[in-house]
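Per-entry structural report
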Amino acid sequence: MKHRQLRVNEVVKRELSGIIGREINFEGALVSINAVDVTPDLKSAHVFVSTLGTNKGQRVIDKLEAHRPALQAELSRNVVLKYTPHLIFHLDDSIKRGARVLEILDDLGKRDGQDG
């Protein structure tokens, strides 16, 4: 069951990435789908989205929400599942947080080098 759910998550992520890339223009922002978590009953999917090149993450989420019915319809044509999941979009800032952690670690490493 767990393996099946992982495959469904990956298929929905891949197809949704392609659909969004073809159908929606985000004016200067690079939008990436980091992960999709489809519930076990296949009725909803949490889509985690990150943006690069802009600090307008909420605008990207709003635009995706506005296009949700069309995205779900296209997803249902490309992926055959018992139910087409209801898409719920979340802004994922894990990449920015990870970059910040690496920056802090790098600064700490530079300080250690200067002290010794």
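Keep in mind that this is a model prediction, so the values were computed, not measured.

**With respect to the pattern of salt bridges**
With the rule as written, the count across this model stands at five salt bridges. The closest approach of N and O atoms between Arg77 and Glu74, which form a salt bridge, is 2.9 Å. Placement of the pair is Arg77 and Glu74 together in helix H3 (residues 68–78), with a separation of three residues, close to one helical turn. With a shortest N-O distance of 3.6 Å, Lys110 and Asp106 are connected by a salt bridge. With Lys110 and Asp106 both in helix H4 (residues 94–115) and four residues apart, the pair spans about one turn of that helix.

**What about the sheet that holds strand E1 (residues 30–38)?**
The three strands lie next to each other as E1-E2-E3, forming an open sheet whose pairing is mixed. A strand with exactly one partner marks an edge of an open sheet, and here the two such strands are E1 and strand E3 (86–91). The average undirected angle you get between the axes of adjacent strands in this sheet is 30°. The pairing of strand E2 (residues 44–52) with E3 spans six bridges and is classified as parallel. In the sheet register, Ser44 faces E3, and the bridge partner there is His86. Strand contacts of helix H2 (residues 57–66): E1, E2 and E3, with the helix running at about 175° to E3, the strand carrying the most contacts.

Cut-offs applied
- Residues numbered from 1 in each chain as written.
- Predicted model: local features only at pLDDT ≥ 70, side-chain atom pairs only at ≥ 80, totals over all residues.
- Heavy atoms only, no water.
- Salt bridge = Lys/Arg side-chain N within 4 Å of Asp/Glu carboxyl O.
- Helix = DSSP H or I, 4+ residues; strand = E, 2+ residues; numbered from the N terminus.
- Pairing = 2+ DSSP bridges.
- Axes fitted to C-alpha atoms, helices over the stretch in contact; angles between N-to-C directions.
- Contact = heavy atoms within 4.5 Å.

Everything listed here is a matter of geometry and, on its own, says nothing about what the molecule does.
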